[in-house]
Each structure stands twice: as C-alpha cells, then as structure tokens.
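Here is what each chain is made of, one letter per residue.
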Amino acid sequence: MVRGCTRGACRRFIDRHQSALNFGLLVVAYILYLIVGAGIFSAIELPYEDALRQKLKADLRDFLRNNSCVSDARLEELLARALEASNYGVSILGNDTQRSWDFVSSLFFTSTVLTTTGYGHTVPLSDGGKAFCIFYSLLGIPVTLFFLSAAVQWIMSVVTRRPLSYFHRRWAMSKAHLGVIHAAFLAFITTLIFVIIPAWIFVALEEDWNFLEALYFCFISLTTIGLGDYVPGETPSKDVNPHPHLYRLAITVYLLLGLVCVLVVLETCWELPQMKRLRHRFYEENLRELDSETTNIIDRDQLSDQLADTADHVIDHPATISSVSEQAASIRQNGKSAPYTLASGSALNGKPR
C-alpha cells in the first residue's frame, strides 16, 4: 500500500511539473550536445594544429639556417608585427594596393557589424573608429533587427500564409501537413538559390577556393556565425575579377538578401503546428491552462478556418447553406470547434440527389 501511495505521489508530481522536467531535460541534452561537439572538434582539429605547428617550426629553422645574418629575435619581432597588422586587415604580402577602408569595403564592414556576422577580418584601427563602432552598433543593431523582422513578416504573408490558405481551401488538406510540405520546399529553394549556386560562383571567382570551402563560407555567413577564415575579395585576381569594388558590393547585397530568406525559412518552420506543440511541452503544463483571452482567440481562429473551408462548397451547393448555418450556430453556442461535416454524397437536406 505504501508503494502504491509512493507511485501515485510520484505520478502526481510528474504531472504537476511536466514542463519544468522537460525543460531540465532539454538543458541537459543541450549541454551534452556542446560537450560532444567540443570532443569531436578537438579530435579532428588537434592533429592538424600540431602538424602545422611542427611545419612552421621546421620552416623557421630552415630560414634561419639559410640566412645566418638574420637573428632569431629580430625575425620573431618582424613576424609579430606582421601578424598584428594582418589582424587589422593590413598585409605585407605584395597586395599593398588593396584597401580595407574605402567606401565599398566600409559598407561591407557595416553590413557585417549590424547583422552581427562579424568576420573579424577588418576592424577599426583608431580609437575614434572603435568608439564610433560602439555607438553605431548600439543604435544600428536594434534597428537592423526591427528591419529584418518587418521584412520577414512581410515576405511571410506573401510566400507562406497566403499560399497555405489557398491550398488549404483548394485541396482541403490539413494545414499541419501542408505546412511541413511548404517548409521543406521553401528550405530547398533557399538552399539552392543562396547556398549551392553562390558556392559555384565563388569557386569560379576565388582562385584558392574549392567547392567545400565556398559552401562552408555561404553557410557560415548566412547563419551569421562569421568565423572570418574565408572572406571573398581579399585577394582578387584582376583577370578573373576586374571589378573588385562591384564584386564586394554584390557580396554585401547577397548576404543581406540571403539572411532575410534564411530567417523566412526559420520563421516558417517555427510557426508549424508541430513546433508549437513541441514548444508547449517546455513552458506550458497544458494548452488548456492558457488564459481565457488566448483561448478565445484560438477558438475564433479555428472557427474562421472551418467557415473558410466550407465557403467554396457552399457556393457550389446552395442547398447546404442551412446545414452550414446550423453547425456554425452550434459551434458558437457550445464554444467548441467541432469539425464541419458535409452532407452525405447521396442525400442533401434529407432528399436523394
């Protein structure tokens, strides 16, 4: 009997704190995901780092052996200054005509700052530039987020909500199933236009990039990770790319458009009914515990969807109007969203067709 009471108490505790327990499991799973990722990256990259370190040391020894007039200390000092300048976008490798702070390059920099991509290949050199970057970003990042949100919602109404409503009425399919199909199609088109095709273009325009590196750059950029290890236009070839400024401007436009489209895909997936039910597991005990205002909004939306679903049928079959009216009145009176059932195919209003 004690065991039965204990089981009952545990069951009630789990039911009462289901969302908190689910959230705790989510936190644990995410921490494990971070740990596993760190372990895999360390296992893959650490041997390459050690091999590169040994190769650099061997090259340094060979250089000093072949150039005995150069001291070890002076060479390390020169290399340290060269690396520091490289971190600020200034290189000594013969491309002194390349400028990091002309207008087009500065426009590219502002776009990466305000979208929080932040490649890190170009940074302010002066104290005044660093101070201005703080205040510029402090205002610009919220404005950019607002702009992206407004653009995404406007595009969503055109490419997501209207098509889903149309095909939902046209084909009488579940919005949940239509949403999954539409999200998959939208993700495929976005990947093709803003990842696969641009990757091939970068392979043609960047001499040292292969397809994997170009694909890697597109993904890292459009997800705003922005590691900065690959930046197009840093070492342009005059033969392949005779207009470096136009090339950099095109990249800026590509990054902004691609970011908006990626956000549209993410927002489309986020609004799927399956995702909404999954989110409720982590911060709602039960959907019925929503406040009364939210519940009324949900009921009105369900009623509107059901009435819209039957509109086309009513227009084509006027004899069903009385049946529709009766069911709609019943839905409003009971406060429930019972599904509308069409009249039998063999009889309408009690009469054989």
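Residues numbered from 1 in each chain as written. Predicted model: local features only at pLDDT ≥ 70, side-chain atom pairs only at ≥ 80, totals over all residues. Heavy atoms only, no water.

### Here we look at helix α2 (residues 18–66)
So, step 1. The first and last C-alpha atoms of α2 sit 71 Å apart over 49 residues, in line with the 72 Å expected at 1.5 Å per residue.
So, step 2. Along α2, the largest kink reaches about 35° and is centred on E45; proline P47 follows within four residues of it. (Helix = DSSP H or I, 4+ residues; strand = E, 2+ residues; numbered from the N terminus. Expected span 1.5 Å × (residues − 1). Bend = angle between axes of the 7 residues up to and from the residue.)

### What to know about the packing of aromatic side chains
So, step 1. Counted under the stated rule, the structure contains 14 aromatic pairs.
So, step 2. Ring geometry for Y166 against F167: centres 5.2 Å apart, planes inclined by 75°, an arrangement best described as edge-to-face.
So, step 3. Taken together, the aromatic side chains of F108, Y119, F194, F202, W209, Y216, F217, Y230 and Y254 make up a single cluster linked through ring pairs.
So, step 4. Positioned over the ring face of F108 is R248, at 4.9 Å from the centre of the ring.
So, step 5. Over the ring of W270 we find R279; its NZ or CZ atom is 4.2 Å from the centre of that ring. (Phe/Tyr/Trp six-rings, centres within 6.5 Å; stacked < 30°, edge-to-face > 60°. Lys NZ or Arg CZ within 6 Å of the ring centre and 35° of its normal.)

### Quick notes on the pattern of salt bridges
So, step 1. Following the criterion strictly, the structure yields four salt bridges and no others.
So, step 2. For R53, the salt bridge is made with E49, and the minimal N-O distance between the two is 2.7 Å. Placement of both R53 and E49 in helix α2 is noted, with a separation of four residues, approximately one turn of the helix.
So, step 3. The closest approach of N and O atoms between E271 and R161, which form a salt bridge, is 3.0 Å. Placement of E271 in the loop between α8 (244–270) and α9 (273–283) and of R161 in helix α5 (residues 127–171) is noted, with a sequence separation of 110 residues between them.
So, step 4. Judged by relative accessible area, R161 falls into the partly exposed class, the value being 30%. (Salt bridge = Lys/Arg side-chain N within 4 Å of Asp/Glu carboxyl O. Buried < 20%, exposed > 50% of the residue type's maximum accessible area, 1.4 Å probe, protein only.)

### So, the environment of L249
So, step 1. With respect to the helices, strands and loops of the structure, L249 is situated in helix α8.
So, step 2. On the accessibility criterion, L249 (35% relative accessible area) is partly exposed.
So, step 3. Measuring from C-alpha to C-alpha, the distance between L249 and V104 comes to 6.4 Å, with 145 residues separating the pair along the chain.
So, step 4. Each residue touching L249, except ones within four places of it in the same chain, is listed here: V104 and L107. (Contact = heavy atoms within 4.5 Å.)

### Some thoughts on the packing of α2 against α9
So, step 1. Interaxial distance between α2 and α9 falls to 5 Å at its minimum, and their mutual angle equals 100°. Here α2 is positioned roughly perpendicular relative to α9, judged by the angle of their axes. Two secondary-structure elements touch here, α2 through Q18, S19, N22, F23 and L26 and α9 through R281, F282 and Y283.
So, step 2. Broken down by class, the residue content of the contact of α2 with α9 amounts to four nonpolar, three polar and one charged. (Axes fitted to C-alpha atoms, helices over the stretch in contact; angles between N-to-C directions. Parallel < 35°, antiparallel > 145°, perpendicular 65-115°, else oblique. Nonpolar A, V, L, I, M, F, W, Y, C, P; charged D, E, K, R; others polar.)

### Observations regarding unusual backbone geometry
So, step 1. Despite not being glycine, T116 has its phi angle at roughly 60°, a positive value.
So, step 2. Mapped onto the secondary structure, T116 falls in the loop between α4 (103–114) and α5.
So, step 3. In this structure T116 comes out as partly exposed when scored by relative accessible area, which is 45%.
So, step 4. Even without being a glycine, T224 presents a positive backbone phi close to 60°.
So, step 5. Position of T224 among the secondary structure elements: in the loop between α7 (211–222) and α8.
So, step 6. In this structure T224 comes out as partly exposed when scored by relative accessible area, which is 25%.

### Here we look at a nonpolar patch on the surface
So, step 1. A cluster of nonpolar side chains, contributed by F23, L26, V27, V28, I31, L32 and I35, occupies part of the molecular surface with about 630 Å² of accessible area.
So, step 2. Within the secondary structure, F23 is located in helix α2.
So, step 3. Judged by relative accessible area, F23 falls into the partly exposed class, the value being 46%. (Patch = residues over 30% accessible without salt bridge, like charges linked within 9 Å, V, L, I, M, F, W, Y side chains within 5 Å. Areas by Shrake-Rupley, 256 points an atom, 1.4 Å probe, with all protein chains shown as cover.)

### Quick look at the UniProt feature "transmembrane region" (unreviewed entry) in the protein chain
So, step 1. Mapped onto this numbering, the UniProt entry gives "transmembrane region" (unreviewed entry) at residues 21–44, 103–121, 133–156, 176–202, 214–231 and 251–272.
So, step 2. Secondary structure content for residues 21–44 is 100% helix and 0% strand, and the end C-alpha separation is 35 Å.
So, step 3. End-to-end, the C-alpha atoms of residues 214–231 are 10 Å apart, and along that stretch the chain is 50% helix and 0% strand. (UniProt positions renumbered as here; feature names shortened; annotations may be inferred.)

### Structural notes on the packing of α4 against α5
So, step 1. Packing of α4 against α5 leaves a shortest axis separation of 9 Å and a crossing angle of 65°. As for how α4 packs across α5, the hand of that crossing is right-handed. From α4, F109, T110, V113 and L114 reach across to α5, where they touch C133, Y136, S137, G140, I141 and T144.
So, step 2. Taken together, the residues of the contact of α4 with α5 break down into six nonpolar, four polar and no charged. (Left-handed = near helix turned anticlockwise from the far one by under 90°.)

### Some thoughts on the nonpolar core
So, step 1. By size, the foremost hydrophobic cluster in this structure holds 17 residues, and its most contacted members are F202, C218, L222, Y254 and L255.
So, step 2. When residues of this core are traced back to their parent elements, those giving at least two are α6 (175–205), α7 and α8.
So, step 3. Looking at which element gives the most residues to this core, the answer is α8, with five residues.
So, step 4. Here Y254 is in contact with F194, P198, F202, C218 and L222, once residues within four sequence places are set aside. (Core = buried A, V, L, I, M, F, W, Y, C linked by side-chain atoms within 4.5 Å.)

### Brief notes about the confidence of the model for the protein chain
So, step 1. Overall, the prediction assigns the protein chain a mean pLDDT of 78, with 74% of residues at 70 or greater.
So, step 2. Model confidence for the protein chain, summarised as mean pLDDT per element, is weakest for strand β1 (residues 347–348) at 38 and strongest for α7 at 95.
So, step 3. Taken together, the stretch residues 285–295 has pLDDT below 50 and engages in nine contacts with residues farther than four places along the chain or on a different chain.
So, step 4. Predicted confidence is poor over residues 318–322, with pLDDT under 50, and the contacts of this stretch with residues over four places away or in other chains come to six contacts. (pLDDT = per-residue confidence, 0-100.)

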